[in-house]
Amino acid sequence: MIEFANRLESVEEYYFSRKLREVNFLKANGKPIINLGIGSPDLQPPQKVISALVEGLNDEQAHKYQSYQGLPELREAIVAFYRDMFDVYMSPSTEVLPLMGSKEGIMHISMAFLNEGDGVLIPNPGYPTYTSVTKLVGAKPIFYELDASNNWLPDLDALEEQDLSNVKLMWISYPHMPTGAKASEAFFTRLVAFAKRHQILLVNDNPYSFILNDSPKSLFSISGAKEVCLELNSLSKTFNMAGWRVGMVLGKSEFINAILKVKSNMDSGMFYGIQKGAIEALKCTKLWYVSLNNVYEQRREIVWKIAEALNCTYDKYSSGMFVWAKLPAYVKSEEFIDVLLKDKNIFVAPGTIFGSKGEGYIRFSLCATTDDLEEALARI
Ligand SMILES: Cc1ncc(COP(=O)(O)O)c(C=O)c1O
C-alpha cells in the first residue's frame, strides 16, 4: 500500500476548497446562490494590463524559461510602486523578489527560515495558510489572540511575558484579514522593536493595503525594519489580478537570497506575458485606486445594510475587501452561515475558519455586484 507523507496528517483541505464544492453543487441544482464568501475580485484588471499580456505573447522571449528573479523591469516597477505608494526605497537588484502570488511566499519564507520545532507566532483570527504551512514544514504554531477590544492588534505586553526563546517568526497582516483592522505607524514601531529584542523574523502580509484604506503602510517605513522584517504584497486585490498569480516579497538582500534558494528549486520563473502585464499594473496612476475604491465603497454601503438586517454589528473604519460582522450574542458562526445558505441561498464565510477567536463573527466579501448585494438584502 502506498502511504501518504506524515505531514499530510497535520493539515486539512482548505475550507473554501471544501465548502465551495457544496456551494457549487447547490448552484448546479438550480439554487440561486449569491456568493459573498471568498475574496476573489470580480472586477476587471486595467485594460492596459491585458494589452501588455497579449502583446507580450508575440515577443520572441515569451516562451522561454524566465529569470528566477523576474525581469529587471518588473523588479524596477515593484520598487517604484513601493517608493510612490509607501515612500519606501528598496534596491531593485537585491531587495525584491517577484512571486506567484503572496500565498506561495508564505511557504517559501517558512522553508527558508524555519527548522522543525521552531515556534511561529500566528494571529487568531488570521489567514489560515500561516498555520497550515507552519505545520507542513514541521514548525509549531503559537497563536496570539486578537480581540475587538484591542482593535485586533497583538497584546505585546502579554507576549513579552511568554517564553519566546523558541520563536523564530511572527506573521502579521495589516490591514488585517479578516477583520479589516489597521495598525498605526507607532504600533509598527513597537512591533519592530519587539522583533529585534527577541530576534524574531517579523513578516507583514500586506495584500489589502490599497483597498478602502486611506493610509496605506509598509513595515519598511519604520527605521531599522530591514534588519528583522520581510513584507509580502500582491497584485491580486489591488489590480483585480488574483488569477494571474503575481505577488512580491521585499526585504534585505540576505533574506531575499535565502528565499530565492528555495524558490529557484521549485519553479522556473514567471511567464513573460504575465510579467509584462504586472509591470503595467504597477504603473497605474492614482486614478485607478480612486475608481476601484469607489466601487468597493458603494458595495460596502449595501453590505452594511445586510449586516444590520441580520442584527450584526461592524466597524465602519475598517479597511480591506471584507466586512467583518459580529453576530448577536450566543449565535454560532457556522450554524448561522449554514442557515443563511439553506434559507436564503446566500453564502458568507464563518469567522471560525480564521481561528477560534472568529467564533461569533461572519465575514462578507465585497466581491459581488451591487445588483447581487441588493438582491441579498431583499432576501433577508
Ligand atoms: C491575508 C492574505 N494573505 C495572502 C493572500 C494570498 O493572496 P495572493 O493571491 O497574493 O496569493 C490572501 C488571499 O486571500 C490573504 O487574504
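No experiment lies behind these values; they were computed from the predicted model shown.

1. Focus: the sheet that holds strand β11 (residues 346-350)
Now for step 1: Strand order in the open sheet formed by five strands is β1-β11-β12-β10-β9, with mixed pairing between adjacent strands. If you trace the sheet from one side to the other, it starts and ends with β1 (34-36) and β9 (313-314), each paired once.
Now for step 2: Bridging between β9 and strand β10 (residues 322-326) involves two bridges; their strand directions are antiparallel. When the bridges of β10 are listed, T313 appears paired with K326.

2. Considerations on the nonpolar core
Side chains that are nonpolar tend, in soluble globular proteins, to be buried together.
Now for step 1: Grouped together as the largest cluster of nonpolar side chains are 130 residues, with contacts concentrated most on I109, L121, M170, W171, L230, F239 and F364.
Now for step 2: Shared between two domains, this core holds at least three residues of each, these being domain 1 (6-44 + 286-379) and domain 2 (47-282).
Now for step 3: The contacts of M170, once residues within four sequence positions are left out, are L121, Y144, P154, L159, L191, F194, I200, L201, L202 and V203.

3. Overview of the pattern of salt bridges
Now for step 1: Following the criterion strictly, the structure yields 15 salt bridges and no others.
Now for step 2: The partner of E95 in a salt bridge is K226, with the nearest N and O atoms 3.0 Å apart. Here E95 is found in the loop between α3 (72-86) and β2 (96-99), whereas its partner K226 is found in the loop between β6 (201-205) and β7 (229-234), with 131 residues between them in sequence.
Now for step 3: The buried category is assigned to E95, whose relative accessible area is 12%.
Now for step 4: The salt bridge involving K283 is made with E280; its shortest N-O contact spans 4.0 Å.
Now for step 5: Linked through salt bridges whose partners overlap, the residues forming this network are K19, E22 and D338.

4. A short note on the packing of helix α2 (residues 47-57) against helix α9 (residues 272-282)
Now for step 1: Contact geometry of α2 with α9 gives a least axis separation of 7 Å together with a crossing angle of 150 degrees. In this view, α2 runs roughly antiparallel relative to α9, as classed from their interaxial angle. Between α2 and α9 lies a crossing of right-handed hand. Of α9, the residues touching α2 (which contributes K48, V49, A52, L53 and G56) are Y272, G273, I274, K276, G277, E280 and A281.

The rules behind each value
Residues numbered from 1 in each chain as written. Predicted model: local features only at pLDDT ≥ 70, side-chain atom pairs only at ≥ 80, totals over all residues. Heavy atoms only, no water. Pairing = 2+ DSSP bridges. Helix = DSSP H or I, 4+ residues; strand = E, 2+ residues; numbered from the N terminus. Core = buried A, V, L, I, M, F, W, Y, C linked by side-chain atoms within 4.5 Å. Buried < 20%, exposed > 50% of the residue type's maximum accessible area, 1.4 Å probe, protein only. Domains from an automatic or database assignment. Contact = heavy atoms within 4.5 Å. Salt bridge = Lys/Arg side-chain N within 4 Å of Asp/Glu carboxyl O. Axes fitted to C-alpha atoms, helices over the stretch in contact; angles between N-to-C directions. Parallel < 35°, antiparallel > 145°, perpendicular 65-115°, else oblique. Left-handed = near helix turned anticlockwise from the far one by under 90°.

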